[in-house]
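If you want the building blocks of each chain, they are given just below.
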Amino acid sequence: MSNRTGTYVAFDGLGEKDPTKSDLKYYSDLQAWKENQNIEFNFINSHDKTSAVQDSSSKETLHRTIQERLRMSKNVLIILTSDTRKTGSTLSYEIEQAIDVYKLPLIIAYPEHSTILDVNDALTNIWPEALVKRIDNSDIEAIHIAFKKECIFDAIKRFSVNGEHLQSGKEHYLRADYLKWGLIK
């Protein structure tokens, strides 16, 4: 279990080659925050622990690599937007594996929201079916957060297979947390 130190980042590439037209741009934000020496944001990226694969790789190769990365992960950061597909993306497979096989806590970040103070229809309406099915029918651990570096970094540090545990699949930070981070006034 000690090799489970990484954070697996999952998002819907939307079948796009141009990263600016998909949720890959948010993954790029994470990498930029991590590389910027003026920002306190550090995490072990599970994607850096294995060889690179592309969505154009064979399904078997892609699935094997996803499983290898999840096996080394302590948590999963899932990025969801209004463009996220309900079914048919690699993201659905990643969610299924993360929950069903590896029992990883989920950190679900929403770039289109400045705060997440409750888990409501605005959020649940964009969830992929794989997530809907599992949150409603199992005792998974998930926290829903705004896609802000303060929220993401705090959640990555705290919620993991080796760290604090969440009580349900619909947890969120309190208004006081967003105030503390200076994200709301």
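Higher on the page you've got the structure.
Residues numbered from 1 in each chain as written. Predicted model: local features only at pLDDT ≥ 70, side-chain atom pairs only at ≥ 80, totals over all residues. Heavy atoms only, no water.

1. Focus: the overall build of the protein chain
When helices and strands are counted, the protein chain shows seven helices and five strands. Secondary structure elements in the protein chain, listed N-terminal to C-terminal, are β-α-α-β-α-β-α-α-β-α-β-α. The buried share among the 185 residues of the protein chain stands at 48%. In the protein chain, the share of contacts with a sequence separation of at least 24, taken over all contacts with a separation of at least 6, comes to 75%. On the protein chain, roughly 9400 Å² of surface is accessible, and the fraction owed to carbon and sulfur atoms is 45%. (Helix = DSSP H or I, 4+ residues; strand = E, 2+ residues; numbered from the N terminus. Buried < 20%, exposed > 50% of the residue type's maximum accessible area, 1.4 Å probe, protein only. Contact = heavy atoms within 4.5 Å. Areas by Shrake-Rupley, 256 points an atom, 1.4 Å probe, with all protein chains shown as cover.)

2. Side note on the pattern of salt bridges
Taken as a whole and judged by the stated rule, the model has seven salt bridges. The partner of Glu150 in a salt bridge is Lys149, and the shortest N-O contact between them spans 3.4 Å. Between Asp177 and Lys180 there is a salt bridge, with its nearest N and O atoms 3.8 Å apart. Separated by three residues within a single helix, Asp177 and Lys180 lie in helix H7 (residues 175–180), roughly one turn from each other. Among the charged side chains, a salt-bridge network with shared partners connects Asp154, Arg158 and Glu164. (Salt bridge = Lys/Arg side-chain N within 4 Å of Asp/Glu carboxyl O.)

3. Focus: the pairing of strand S3 (residues 106–110)
Within S3, five of the five residues are buried, which leaves the element mostly enclosed by the surrounding structure. Side chains Leu106, Ile108 and Tyr110 project from S3 onto one buried face, and the interleaved Ile107 and Ala109 project onto a second face that is buried too. Relative to S3, strand S2 (residues 73–79) runs parallel, the two being bridged by four bridges. Note on S3: the bridge partner recorded for Val76 is Leu106. Between the parallel elements S2 and S3, the chain passes through helix H3 (residues 90–101) in a crossover that is right-handed. As judged from the five bridges shared by S3 and strand S4 (residues 142–146), these two strands associate in the parallel manner. Across the sheet, Tyr110 pairs through a bridge with Ala146, a residue of S4. (Pairing = 2+ DSSP bridges. Right-handed = clockwise from strand over helix to strand, strands pointing away.)

4. Examining the pairing of S2
Across the seven residues that make up S2, a large majority, seven, are buried. Of the strand pairs in this sheet, strand S1 (residues 6–10) and S2 are connected by five bridges, and their pairing is parallel. Its bridge partner lying in S2, Val9 is registered against Leu77.

5. Observations regarding the sheet that holds S2
The sheet built from five strands is open, its strands ordered S1-S2-S3-S4-S5 with parallel pairing. On the outer flanks of this sheet lie S1 and strand S5 (171–172), each paired with one strand and no other. Across the sheet, helix H1 (residues 24–35) is in contact with S1 and S2; its angle to S2 comes to roughly 130°. Its contacts with the sheet place helix H2 (residues 59–71) against S1 and S2, and it is angled at close to 120° to S2. (Axes fitted to C-alpha atoms, helices over the stretch in contact; angles between N-to-C directions.)

6. With respect to the packing of H3 against helix H5 (residues 129–137)
Interaxial distance between H3 and H5 falls to 8 Å at its minimum, and their mutual angle equals 25°. Overall, the two elements H3 and H5 adopt an arrangement that is roughly parallel. Between H3 and H5, the contacting residues are Ser92, Ile95, Glu96, Ile99 and Asp100 on the first element and Ala130, Leu131 and Arg134 on the second. In terms of residue class, the contact of H3 with H5 is made up of four nonpolar, one polar and three charged. (Parallel < 35°, antiparallel > 145°, perpendicular 65-115°, else oblique. Nonpolar A, V, L, I, M, F, W, Y, C, P; charged D, E, K, R; others polar.)

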